[in-house]
Each structure stands twice: as structure tokens, then as C-alpha cells.
Amino acid sequence: MEEEGITGLEVRFYQAQCLSEENVIKFENNGYPMIDLILFSDAYQIQRNTSIPMETIYIIQRNLQRLFSSVPINGYQHYLDIKEFKNHYSSGIKLLDQLLGGNGFTSGEIYELVGNTSCGKTQISMCCSLNLSQQYDSNIIYIDSSNSFSPSRLTEIFKSNYLLKQQQKQQQQHKQNNDKIEIEQDKILKILDRIKVFNCFDSITLLDLLGTINNTLCVVSDERPTFENQFYKGLKMVVIDSIGTLLAPIIGGKQTQGHYTMMMISRLIKDIADTYQITFLITNNTVSSGSNGFDNKAALGEAWSMVPNHQLMINHQYNDDENEERLIYIEKSTRLPKKTMIKSFKIRDNGIVS
Amino acid sequence: MDENINKDNENFSNDNNYSNNLNEDEIIFNNYIDNYSNYLNSNGISALDLLIKDRDGNNNIITFCSEIDQMLNGGIPLKKITEISGVPGIGKTQMAFQLLVNTSIPFDLGGVQGKAIYIDTEGSYSCHRVREIATHLVDHLECVLLKNPRIEYKPTVETILNSIYYYRVYHYIEIISLIHQLPLFLEKNKDVKLIVVDSITYPFRSDFKDMGLRTRSLLSLAQNLMNMATRYNLAVVVMNQVTTKISPNQKESILVPYLGESWTHICTYRMVLFWKQKQRFCHLYKSPSNKSCFNPFDIAEYGIRDVGFIHPSFLNPEGQSQNKQQQQKQQPPNNNNDENEMYIET
């Protein structure tokens, strides 16, 4: 993949910063076309190959190191920065907000929803994207791997929520405003317009897609957005539903290639989340663990479990139609207390309620 | 040079037709690949456009059991994978036959008017049964068409059977390669609206030393199916068997669909058929847009129907096709029939 494209690590890009023109030519002609080769090779080796004086090589290496190393940030300053720049987005589901520390999602963090089939993962992620679009006028990318995104369900949630509010208002005021209902119902069209759905059925497509998102965000943050990529200006959340189905066929066994793809994807996700302060909501499925096969754990193994900042586990017990139980709790988190709060929830017409 | 090559090709193709076919296939395949890359570069669809797309056109294949159809918002949805599982003899294959036949209901009557592919792994396909169901469908449609004489397209038993493509598959390698080859076929026949795999379980039931390999090959198979479903706007119905799962603590066993945890996430819709009080029930277990619930259904000579449904031809032994004009003057024979007609039109 890297063979054709420009990686940004070619020696000639660093001519202005640390290298003189003749050195660049010397490096390129003697087998050092990439900057990382210069950084990690032995100085004597370089001198023997390129006949550049030792001192210059030392200076170049030091300059390059300085260029690439990150800058230390004062802890207090960092705290202030985060307080100022981190945004909180309410998920629209009270119990989920409470679980996540009262404020809902934090920008730039990666959330993972884990649960077995039909436990409500897709419902929660649809509710969240609806609310983010409704409350904050933000744009959302929804990457759908099992074709389960349902706009009619979103309209249903919106309508029944709206009717509930209307009823409460009517009880208070005893008035009927029929004109207002129509205006509000137009709103749903705008809300839906802010959610963009991508269908994605294999891991390579996902990698491609994340790459495109990353590049477009890069362009948008530098220049004035054009009509096509205007959407990315207000992008606040990316939902991936579900990562398990996408990655499961390529990992496991002795497939190192699949593992490599997974790590590429995870690095891209982390990069996008941190650089552009975008919240990721990722759903993952479960695999049975233990001898009896009745305990569940998140799919994709140890390597993937390092990626999300917060992992939310959903437990679904199905006995009868009346006797259904769904529990949600925090399984893993860098910030929030673990398993102290276990909330039960139900899926109704108007979304998710406790 | 080009001329020479062309001549060579001609000679070659005269020698055997097979290579000619291969070339044709290659062209189609290249088209497919080109289209695929275009399709990947698309900018995504906004949810609003999706909603509008969903609203127009007939996007469901009805099952003829009104309660199941209501449960699914009008029938088996296009562009999605639906899994139907249940114990042997519950009617999975019957459901498949009914869907195969119902695929050719004309647009004007709320159908999708397309062709169907049946991939048979168990050898349970029965031509006679499909023909029987098709005959009853034709009778029924004629009955409906009497009310709407403007509709010109009238399916016959022959056209219905003509629009069903049957594949027999024995080994899991065969089904995997078949699924890989299907896009070629679909590229040629774009009016295919349904793919039924009956059942997905059987080829994967044994023969696997490495269970991880089984899961991976199954998942990639499902991804391919899903891909076809969205690209060609067709419904995929997958039949699954059930297996017992024994919990050590509670000392009881439950019936669960086969193929394990990771398979369950692939399907968009999931239905479980089961017996309860000597009655067949259909339980919608997983759905992104509908509530989970269960409803009774029945299997009769004429296919899948509501419980308590009485076919008009049983009340009118004369048959509709013989005395059409008489029928037109008469009122519909009973209320049940009337309801069913209404239900097809909507």
C-alpha cells in the first residue's frame, strides 16, 4: 500500500528543516530515501555509506529527533486545556449519562458497547446519534456493517418523544397548538439529514473509509470547506456498528495479515479521535468464554480491548416477552469507576428508558 | 496486431464454446469490479435519503400470513439478511417455498415482481409442492385481479416456476464458491429479488477440524451475501437449524439457533419458529426497527396462511377460473377472503 503513495517520510521533504541540498542528494543516492532509516541507523554505518562527516550526521540525527519528539505539557496547563476544550454531549438517555459520569459522552474518547445479539446495542447507538443531531446540531457518520440502521425507527423515536412532551405540556397548560406540531415535525428531516450512513461489509472498506474521513478532516481543518466536505466541519461523532462482524473473519488462527489490518484500523480511530476531538461509539459482539459457554466476553481478543477508552457491557436475559431484563454497566474504563453502577433499561417506542 | 489477436480469438472460440463463455464472464466480472470501486467511493447516504428511499416502492416480500407481515412491517425486507430458525418439521422449508412463489407477485398488487434463487443444501426442495403453492397463488391472484381489470400482468404457474432458479449444493466448499460466483449471475439477471439458503447449517455442521476456520468462512460468506443484498436490492433469507444448549447450573436445556455467538450478529432480522400448544408460532427475535413479539401461523395445502384462514376454493368447489363472469357478479364468498384481498392490495 505504501509503495506507490508518498508517506511524508521522504528525505527531500526535510531539506528546509535539517538537511542541506547536497546531503539530501547523498542520502538519496546511497540507500537512505526515508527519514526513519537515517534516524535508526548507526552513525558509523551512515558515514561509511554516504561519506558525510560524522559531526554533520550527529547534528542531523539530533535535529530530526527534536523535530519528531512531542513537547512536554505542564500538568496543570493540560488540565485547564482539557477543561476548556473538551466538550460533553448528552446521549439523550438518562441512565447512560449517569453511568458515564453525569455528562454523557466526552469529545475525543472512544466508547465501546458490548453485548450479545438483540440486546439493544444498535438501539442505543441510534438513540445517541439522534440526540446528538437533535440537541447539538452536529453531524454524525454512521458506519453500518449489518444493514441495521433504520431511519423509520429514528422517526418513530422522535415522534413518540415529541408526543409525550406535548401531552405533558397540554396537561399543564390545557391548550392545543396544532400549528406547532407541524413545524416540529419538519425538524426531524433536518435531524436525519445530519446523519450520514455508510455501508461497509469488509475490513478493507472500513480502513479505506476511515482513511478518507481522516484526510477530509485534515483538509477541512486547514482550509475553508468546499460544498462537498462541508459536512465534515461539524462532525462530532462516528458510530461503527458493529466492529465485530467486520473484523471477526480476518483475525484468529495464524492470520497475521488480519491482525495487522485490525491494528491499522485501531490506530486510525485513535488518531482521528484525538486530533479532531471526535467521539467514537463502537459496538462489538460477544463470544462465549469459559468451559460451559454461558459466560460472555467481548470479541476480537486482547489486542482490541486496548483500543476503547470505555467499555460498556450489556447483559440481556430473555425469558418471556414480559420477563425481559437488560442490564448495562461499565466493564472497563480509564476514568470511571468500574461496575459500581448497574442500570437496567427497556426499549420502548420513545427510545431507551429505565 | 489487434486483428491477429481477434482472429486467434475467433479460431479459439470456434474450437470450443466454453472459452467464449469464459470471456463473456470475464467482461461481466470486470464490469462488476469497476462498479464495485465506484460503489466504494460513494459519499455515503444521509439518513433522510435512506428514509425517502425506503418509503417508495415495494420493499417487502409478503409471507401471506398477515400477522407475520405486520410484525415485519409488510413482509421479508429487501436489502437485509433474515434468518429463520426452528426445529425440524416446523415449516422452514414451507416458508421458503411460499416466499419463492410470492416473489413473482406483480408490482401493482404490492409484490416485487422478480425472480428468486433457491440454494438447496439438504435436498428438501420439492417441485410438486412449489407447483401446488404456485397454483393456489395464481388462483388467488386471479380472484384479486377480477376486481382490478386494469392490471395487465398476470402470472401463470409456468412463469412463476420459470422465475425460480434452483441450485443444489453438497459440500461447504461448493456453497462458498457458489456465493462467490453469484454476483456474475446477478449482474446478468438484475431482477432477482430473493436468495434463499436452505439451510446454511447443514454444510457447516461437521467436517471442520478447526472451529475458528468455520466461523471465519461463515462470516465472510455472510458478508458476501450482505454485499449482494444491498448492491442488487434483494432479500436474503437464511434457514438455520437449532441445537440444544445445556446450562450446568440450572440443569435444564434450551434450544438455540445453531452456528454460535458470532453468527447471530450478522443477520439483521432473526425469526424463530416454534410449537406452542399444538400451534405453530413465529417469534421475531431480533429487528432494528420492529418490536420483538410472536404470532401464530398455519401451514395448509395452499401454503403459509393465518390461523383459521379458509381458502375460497374450498367454499366454492366449482373453482374461480372456470366461471369468471359468474364470480364477478357474485359478492366475495366470505369475509375471510375479503380481508385477504384487501391485505394484498395494501
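Residues numbered from 1 in each chain as written. Chains lettered and ligands numbered in written order. Predicted model: local features only at pLDDT ≥ 70, side-chain atom pairs only at ≥ 80, totals over all residues. Heavy atoms only, no water.

Undergrad: What exactly am I supposed to notice about the overall build of chain B here?
TA: Summing up its helical and strand segments, chain B has 13 helices and 14 strands in all. A total of 346 residues make up chain B; the buried ones form 50% of that total. Here the analysis covers contacts within chain B between residues at least 6 apart in sequence; of these, 67% occur between residues at least 24 apart. When the accessible surface of chain B is summed, it comes to about 17,200 Å², and 48% of that surface belongs to carbon and sulfur atoms. (Helix = DSSP H or I, 4+ residues; strand = E, 2+ residues; numbered from the N terminus. Buried < 20%, exposed > 50% of the residue type's maximum accessible area, 1.4 Å probe, protein only. Contact = heavy atoms within 4.5 Å. Areas by Shrake-Rupley, 256 points an atom, 1.4 Å probe, with all protein chains shown as cover.)

Undergrad: Would you mind going over the packing of helix α8 (residues 151–173) of chain A against helix α3 (residues 47–55) of chain B with me for this structure?
TA: Two numbers describe a pair of packed helices, the interaxial angle and the distance between the axes. Between α8(A) and α3(B), the least distance of the axes is 8 Å, while the angle of their chain directions is 105°. As summarised for this structure, α8(A) and α3(B) are arranged roughly perpendicular, according to the angle between their axes. Along its contact with α8(A), which presents A:P151, A:S152 and A:T155, the element α3(B) presents B:A47, B:L50, B:L51 and B:D54. Its residues placed into classes, the contact of α8(A) with α3(B) shows four nonpolar, two polar and one charged. (Axes fitted to C-alpha atoms, helices over the stretch in contact; angles between N-to-C directions. Parallel < 35°, antiparallel > 145°, perpendicular 65-115°, else oblique. Nonpolar A, V, L, I, M, F, W, Y, C, P; charged D, E, K, R; others polar.)

Undergrad: Where do I start with the pairing of strand β8 (residues 235–240) of chain B in this structure?
TA: A regular strand places its side chains on the two faces of the sheet in alternate fashion. Residue and element names in this part refer to chain B. The element β8 is largely enclosed, with a buried count of six among its six residues. Here β8 shows no split at all, with A235, V237 and M239 on one side and V236, V238 and N240 on the other all buried. Two elements, strand β4 (residues 81–86) and β8, share five bridges in a ladder whose sense is parallel. Bridge pairing in β8 places E83 opposite V238. (Pairing = 2+ DSSP bridges.)

Undergrad: Before we go on, may I ask you to explain the nonpolar core in this structure?
TA: Side chains that are nonpolar tend, in soluble globular proteins, to be buried together. Among the nonpolar cores identified, the biggest contains 48 residues, and B:L100 and B:L194 are the most heavily contacted of them. Broken down by element, this core gets its largest block of residues, eight residues, from helix α6 (residues 127–145) of chain B. Residues within four places of B:L194 in sequence aside, it is in contact with B:I61, B:L99, B:L100, B:T103, B:K115, B:A116, B:I117, B:L234, B:A235 and B:V237. Ranked by size, the runner-up nonpolar core spans 41 residues in total, among them A:I124, A:I330, B:A47 and B:L50. (Core = buried A, V, L, I, M, F, W, Y, C linked by side-chain atoms within 4.5 Å.)

Undergrad: How do you make sense of the packing of aromatic side chains when you look at a structure like this?
TA: By convention here, two paired aromatic rings are described through the distance between centres and the angle between planes. All names here are of chain B. Considering all chains together, one arrives at 16 aromatic pairs over all chains under this definition. Between Y165 and F185, the ring centres sit 4.9 Å apart and the planes meet at 80°, which makes this aromatic pair edge-to-face. Taken together, the residues span a long stretch of sequence, with Y165 in strand β6 (residues 164–168) and F185 in helix α8 (residues 172–188) at a distance of 20 residues. The class for Y165 is partly exposed, based on a relative accessible area of 22%. Through pairs of rings, three or more aromatic residues link up here, namely F97, Y118, Y125 and Y166. Above the ring of F281, the side-chain terminus of K276 is found at 5.9 Å from the ring centroid. (Phe/Tyr/Trp six-rings, centres within 6.5 Å; stacked < 30°, edge-to-face > 60°. Lys NZ or Arg CZ within 6 Å of the ring centre and 35° of its normal.)

Undergrad: Help me understand the packing of helix α3 (residues 43–50) of chain A against helix α4 (residues 54–68) of chain A, please; the structure alone is not making it clear to me.
TA: Residue and element names in this part refer to chain A. α4 packs onto α3 with a crossing angle of 125° between their chain directions and a minimal axis gap of 10 Å. The orientation of α3 with respect to α4, classified from their angle, is oblique. Of the two elements, α3 crosses α4, and the hand of that crossing is right-handed. Of the residues in α4, those touching α3 at A43, Y44, I46 and Q47 are M54, I57, Y58 and Q61. Residue classes in the contact of α3 with α4 are distributed as six nonpolar, two polar and no charged. (Left-handed = near helix turned anticlockwise from the far one by under 90°.)

Undergrad: Can you walk me through the interface of chain A and chain B in this structure?
TA: Interfaces are often described in size by the accessible area the parts lose on coming together. At the interface, 49 residues of chain A touch 44 residues of chain B. In this assembly, chain A packs against chain B so that about 3,700 Å² is buried in total across both faces, 59% of it on carbon and sulfur atoms. At the surface where chain A touches chain B, the tally comes to one salt bridge. In this structure, the salt-bridge partner of A:D349 is B:K291, at a minimum N-O distance of 3.6 Å. Between the two partners, chain A and chain B, sit 10 residue pairs in polar contact (both at pLDDT 80 or more). For the side of chain A that touches chain B, the residue count by class is 16 nonpolar, 25 polar and eight charged. Two elements, strand β5 (residues 195–199) of chain A and strand β1 (residues 45–46) of chain B, share two bridges in a ladder whose sense is antiparallel. Bridge assignment links A:K196 to a residue of β1(B), and that residue is B:S46. (Buried area = accessible area lost by both parts, 1.4 Å probe. Salt bridge = Lys/Arg side-chain N within 4 Å of Asp/Glu carboxyl O. Polar contact = N/O pair within 3.5 Å; in protein donor to acceptor, adjacent residues only side chain to side chain.)

Undergrad: Please explain the pattern of salt bridges as it appears in this structure.
TA: Once the charged atoms of two side chains with opposite charge are near each other, the side chains can pair. Throughout the structure, instances matching the rule amount to eight salt bridges over all chains. Linking A:E156 and A:R153 is a salt bridge whose minimum nitrogen-to-oxygen distance equals 3.5 Å. You can see A:E156 and its partner A:R153 sitting in helix α8, three residues apart, about one turn around the helix. One salt bridge in this structure joins B:E132 and B:R129, with 2.8 Å as the shortest N-O distance. With B:E132 and B:R129 both in helix α6 and three residues apart, this pair spans about one turn of that helix. On the basis of relative accessible area, B:R129 is assigned to the buried category, the value being 13%.

Undergrad: What exactly am I supposed to notice about the confidence of the model for chain B here?
TA: Close reading of the predicted structure is inappropriate where its pLDDT is low. Residues and elements named next belong to chain B. For chain B, per-residue confidence averages 77 on the pLDDT scale, and residues scoring 70 or more make up 79% of the total. Per-element mean pLDDT across chain B ranges from 40 in helix α12 (residues 324–329) up to 92 in strand β5 (residues 115–120). Across residues 7–15, confidence stays below pLDDT 50; counting only partners more than four residues off in sequence or on other chains, it has three contacts. This prediction of the complex comes with two scores: 0.78 for pTM and 0.72 for ipTM. (pLDDT = per-residue confidence, 0-100.)

Undergrad: Just checking my understanding: could you explain the sheet that holds β6(B) for this structure?
TA: Note on sheets: strands pair through backbone hydrogen bonds, and any given pair is parallel or antiparallel. Residues and elements named next belong to chain B. Ordered by their spatial adjacency, nine strands build an open sheet running β6-β5-β7-β8-β4-β11-β12-β13-β14, and the pairing between neighbours is mixed. If you trace the sheet from one side to the other, it starts and ends with β6 and β14 (303–305), each paired once. Strand-to-strand twist in this sheet, taken as the mean axis angle between neighbours without regard to direction, amounts to 25°. Sheet topology places β4 next to strand β11 (residues 269–276); five bridges connect them, and they run parallel. Each bridged residue has a counterpart across the sheet, and for T82 the counterpart in β11 is Y269. Across the sheet, α8 is in contact with β5, β6 and β7 (192–198); its angle to β5 comes to roughly 165°.

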